[in-house]
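Understanding the architecture of this molecule
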Amino acid sequence: MLGAGLTALGWTSAAALTPTESAAAQRLVAAYPAFLRGVEGGALVWREGTRTPLTRSAAQTYAARLNAPGLLDQLDAAYPACAPLTAPAYLSDPGRARFEPLFRKMYGASEAAVRAGLVTVNWFGQPLQVTRVNGAADSLRAVAQDLAAHPEWRPFLTPSAGTFLWRAVAGTPRRSVHSFGAAIDLNTARAAYWQWSGFREGQRGIPWRNQFPAGLVHTFERRGWIWGGRWYHLDTMHFEYRPELTGACATGR
Ligand SMILES: [Zn+2]
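Residues numbered from 1 in each chain as written. Predicted model: local features only at pLDDT ≥ 70, side-chain atom pairs only at ≥ 80, totals over all residues. Heavy atoms only, no water.

Quick look at the sheet that holds strand 4 (residues 51–53)
Taken in spatial order, the 3 strands line up as 2-3-4 in an open sheet, and their pairing is antiparallel. Whereas interior strands pair on both sides, the edge strands pair on one side only; in this sheet they are strand 2 (36–40) and strand 4. Taken over all neighbouring pairs, the strand axes of this sheet differ in orientation by 25° on average, direction set aside. Sheet analysis places strand 3 (residues 43–46) next to strand 4, joined by 3 bridges and oriented antiparallel. From the neighbouring strand, Val 45 faces strand 4, where its bridge partner is Arg 51. Those strands touched by helix 2 (residues 19–31) are strand 2 and strand 3, and its axis lies near 165° from that of strand 2. (Pairing = 2+ DSSP bridges. Helix = DSSP H or I, 4+ residues; strand = E, 2+ residues; numbered from the N terminus. Axes fitted to C-alpha atoms, helices over the stretch in contact; angles between N-to-C directions. Contact = heavy atoms within 4.5 Å.)

Side note on the domain arrangement of the protein chain
We note that the domain assignment places domain 1 (1–76) and domain 2 (79–253) within the protein chain. The distance between the C-alpha centroids of domain 1 and domain 2 comes to 22 Å. Contact residues are listed per partner, giving 19 residues for domain 1 and 23 residues for domain 2. The largest share of the area that domain 1 buries against domain 2 comes from Tyr 32, Tyr 62 and Gln 74, three residues that together contribute 35% of it. On the surface where domain 1 and domain 2 come into contact, there are 1 salt bridge. Here Glu 48 makes a salt bridge to Lys 105, at a shortest N to O gap of 3.2 Å. (Domains from an automatic or database assignment. Buried area = accessible area lost by both parts, 1.4 Å probe. Salt bridge = Lys/Arg side-chain N within 4 Å of Asp/Glu carboxyl O.)

Brief notes about the side chain of Arg 98
Tracing the chain through its elements places Arg 98 in the loop between helix 4 (71–75) and helix 5 (100–107). Within polar-contact distance, the side chain of Arg 98 engages the side chain of Glu 240 at 2.7 Å. Filtering out sequence-adjacent residues up to four positions away, Arg 98 remains in contact with Pro 69, Gln 74, Phe 103, Arg 175, Val 177, Trp 231, Glu 240 and Arg 242. (Polar contact = N/O pair within 3.5 Å; in protein donor to acceptor, adjacent residues only side chain to side chain.)

Quick look at the structure:
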């Protein structure tokens, strides 16, 4: 079904994968074993037998590509898990381009479908709704347990500004990972967000500001969560469950 519409929607068809692309696709399979079986002939093979071609967006601009990335555009992300926290280069947003059909298929394609997979996670006394799909809720519970050893970080962690919310990213056709119950926002009072300083997406000069301690960020990353503070379009309160990108330091799983 996906294959039929690809050209019309502006994706280019996959040639043979480069070794780098192939390795990234294998990491995706390893991260979501309940759904994915392998990579074959330029396509991702699902356990139920369907295939998703590994394609790249034909879009020429940053925004157009972000609005409709191919699966290969998503896999390009070189996320610096557990590295020091530094200002990202212009338009470096590792993990921000998401091939949405993949997420819809795993977590649910409608609000009701996603809701069916939500469970409650106790976040320092605050009940949060998180998807149990792919072990995301269990992973967040483990993160909370790790973070509990650092009471000095508590002001960054609570109150959480929320997890599940079925919505598009403001002003775009893109669905936030909050829609899939696989993201958490921490305390907005300690956060920086690129839109708060009045910039347009893709504009140069967005300042990188961050108060979140490296140890806190690395604690999430070790459990498979990526941080919005590693994006040029920074969102320092935001973490999302993307275990395909954090392999290098995922010793806690
Ligand atoms: Zn968020």
